[in-house]
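# An overview of the molecular structure
Listed here are the chains, written in short residue letters.
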Amino acid sequence: MWGVFKKEATLQPHLVRYWLNAKIDDPLKFKKQVKYICELHQEAKTLLEQGIHLISTDEMTGIQALERLFPNKRIKPKQVEKIEFEYERHGTLSLIANWDVARGKVVSPSIGPTRTEQDFSEHIQRTIKIDEKAEWIFIVDQLNTHKSESLVKLVAESCGITIDLGRKGKEGILQSMDSRADFLSDESHRIRFVYIPKHTSWLNQIECWFSILVRRLLKRITVRSTEELSQKILNFIDYFNQHFAKPFVWKFKGFKDHK
């Protein structure tokens, strides 16, 4: 029996994979949300022509500044690149990145030691300053910092909304995450947020670019400080935008209804 198992393991090294059975409270609402986000992806160029920026935004946290103890061994014919296993840690960084869906490039990245409510609000503020009079649609996940008091106040100020916002945890728009999310996703606002359903990070195109960043840079580099790591990430973003900027081809249009 063990011999058979060893043979199967040799032939199929990935015998076990994780699978999530997402608990969806309202399947119809879920499908509608997914379809809407897919439609936004497909309409990105048209939206841009109308002066509307469609931006996919998320954080990559805990990026380690690792110094490999010995140099990598370069690729040789019939051999893969070899990276030293042992390393020394020099701290971590968080990257908040925007993917311009229509242009296929990364815009206005933020890199720092934390990813707090204030960090995200300041990141959005810097982003909208690129084109202060334009409309902005940010596709984000359900993280609490994406539904924060700071973000509500920023959107209200930027859009000239002067109504009483209430008090956090007490009343009005600021009362709860749900009330804040309703305000931030209001389609009548010049700056608004579209929240992907829980467990659908694959809908957010910035995640596709994060995988590129990991494969092409983070898995291979060795750095001696977080400052060096930050600069290498920024250099990679500049290089990517200059030579590889291209919108992702988004073919998924949503789930089909099953009768």
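Nothing here was measured: the structure is a model prediction, and the numbers come from that model. (Residues numbered from 1 in each chain as written. Predicted model: local features only at pLDDT ≥ 70, side-chain atom pairs only at ≥ 80, totals over all residues. Heavy atoms only, no water.)

### Details of the pairing of strand β1 (residues 52–68)
Heads up, the condition is: For every residue, the accessible area (1.4 Å probe, protein chains only) is compared with the maximum for its type, and the residue is labelled buried under 20%, exposed over 50%, or partly exposed between those bounds. Every helix listed is a DSSP run of H or I at least four residues long, and every strand listed is a run of E at least two residues long, numbered separately from the N terminus. The pairing criterion for strands is at least two bridges between them, as found by DSSP.
Within β1, 14 of the 17 residues are buried, which leaves the element mostly enclosed by the surrounding structure. One ladder, built from 5 bridges, connects β1 with strand β4 (residues 135–140); its direction is parallel. Residue pairing across strands places Ile52 opposite Glu135, the latter belonging to β4. Examined bridge by bridge, β1 and strand β2 (residues 87–100) share 11 bridges and lie antiparallel to one another. Counted as the bridge partner of Arg68 is Tyr87 from β2.

### Some details on the UniProt feature "domain: Tc1-like transposase DDE" (unreviewed entry) in the protein chain
Note the threshold: UniProt positions are given in the numbering used here, feature names are shortened, and annotations may be inferred rather than shown by experiment.
When the UniProt feature table is mapped to this numbering, "domain: Tc1-like transposase DDE" (unreviewed entry) covers residues 75–229. Within the segment residues 75–229, helix and strand shares are 30% and 21% respectively, and the terminal C-alpha atoms sit 23 Å apart.

### Description of the confidence of the model for the protein chain
Applicable threshold: Values of pLDDT, which run from 0 to 100, indicate the predictor's confidence residue by residue. Should any heavy atoms of two residues lie within 4.5 Å, those residues are counted as being in contact.
Averaged over all residues, the pLDDT of the protein chain is 91; the fraction at 70 or higher stands at 92%. This model gives residues 1–9 a pLDDT under 50, and the stretch forms 3 contacts once residues within four places in sequence are excluded.

### Considering the packing of helix α7 (residues 206–218) against helix α8 (residues 226–243)
Heads up, the condition is: The axes used here are C-alpha line fits, helices contributing only the stretch in contact, and every angle between their N-to-C directions lies in the interval 0 to 180 degrees. By definition, turning the near helix anticlockwise from the far helix through less than a right angle yields a left-handed crossing, and turning it clockwise yields a right-handed one. In this count, Pro and Cys sit with the nonpolar residues alongside Ala, Val, Leu, Ile, Met, Phe, Trp and Tyr, while Asp, Glu, Lys and Arg are called charged and the others, Gly among them, polar.
Direction vectors running N to C along α7 and α8 enclose 115°, while the axes themselves pass 11 Å from each other. In this structure, the crossing between α7 and α8 has a hand that is right-handed. Residues Trp209, Ile212, Leu213, Arg216, Leu217 and Leu218 of α7 form the contact with α8, whose participating residues are Leu229, Lys232, Ile233, Phe236, Ile237 and Phe240. In terms of residue class, the contact of α7 with α8 is built from 10 nonpolar, no polar and 2 charged.

### Remarks on the environment of Lys73
Within the element layout of this structure, Lys73 appears in the loop between β1 and β2. For Lys73, a relative accessible area of 56% translates into the label exposed. Taking C-alpha positions, Lys73 is 6.5 Å from Ile83, a pair spaced 10 residues apart along the chain. Residues within four places of Lys73 in sequence aside, it is in contact with Glu81 and Lys82.

### Examining the packing of aromatic side chains
A ring pair, where both rings are aromatic, is described by two values, the distance of the centres and the angle of the planes. The cut-off we apply is this: The pairing test for Phe, Tyr and Trp rings, Trp by its six-membered ring, is centres within 6.5 Å, and the orientation test on the planes gives stacked under 30 degrees, edge-to-face over 60, and tilted for anything in between.
Across all of its chains, the model carries 14 aromatic pairs by this definition. Measuring from ring centre to ring centre gives 6.1 Å for Trp209 and Phe240, while their planes differ by 80°; the resulting arrangement is edge-to-face. Here the residue Trp209 occupies a position in helix α7, and Phe240 occupies one in helix α8, the gap between them amounting to 31 residues. What makes Trp209 buried here is its relative accessible area of 0%. When the ring of Phe240 is compared with that of Phe244, the centres are 6.2 Å apart and the planes differ by 35°; the resulting orientation is tilted. Judged by its relative accessible area of 5%, Phe240 falls in the buried class. Taken together, the ring pairs connect Trp99, Trp209, Phe210, Phe236, Tyr239, Phe240, Phe244 and Phe248 into an aromatic cluster.

### Concerning the packing of helix α5 (residues 149–158) against helix α6 (residues 177–184)
The cut-off we apply is this: Relative orientations are named as follows: roughly parallel for angles under 35 degrees, roughly antiparallel for angles over 145 degrees, roughly perpendicular for angles from 65 to 115 degrees, and oblique for any other angle.
Where α5 meets α6, the axes come as close as 10 Å, and the angle between the chain directions of the two elements is 25°. The angle between α5 and α6 falls in the class roughly parallel. Between α5 and α6 the crossing geometry is left-handed. In this structure, α5 uses Glu149, Leu151, Val152, Val155 and Ala156 to contact α6, whose residues at the interface are Arg180, Phe183 and Leu184.

### Some details on the pattern of salt bridges
To be explicit about the condition: Criterion for a salt bridge: a side-chain nitrogen of Lys or Arg within 4 Å of a carboxyl oxygen of Asp or Glu.
Per the counting criterion, the structure on display carries 4 salt bridges. A salt bridge links Glu149 to Lys153; the nearest nitrogen and oxygen atoms lie 3.1 Å apart. Residue Glu149 and its partner Lys153 are located together in helix α5, separated by 4 residues, close to a single helical turn. Taking the shortest distance from any N to any O, the salt bridge between Glu171 and Arg167 comes out at 3.8 Å.

### Regarding a negative patch on the surface
The test is simple: A patch is a set of surface residues, each over 30% in relative accessible area and not in a salt bridge, joined within 9 Å for like charges and within 5 Å for the nonpolar side chains Val, Leu, Ile, Met, Phe, Trp and Tyr. Note on areas: Shrake-Rupley, 1.4 Å probe, and residue coverage restricted to the protein chains presented here. When charges are counted, Lys and Arg contribute as positive and Asp and Glu as negative, whereas His and the chain ends are disregarded. For the purpose of locating charges, the reference atoms are NZ of Lys, CZ of Arg, CG of Asp and CD of Glu.
Together, Asp178, Asp182, Asp186 and Glu187 line one region of the surface with negative charge. Within the secondary structure, Glu187 is located in the loop between α6 and β5 (191–195).

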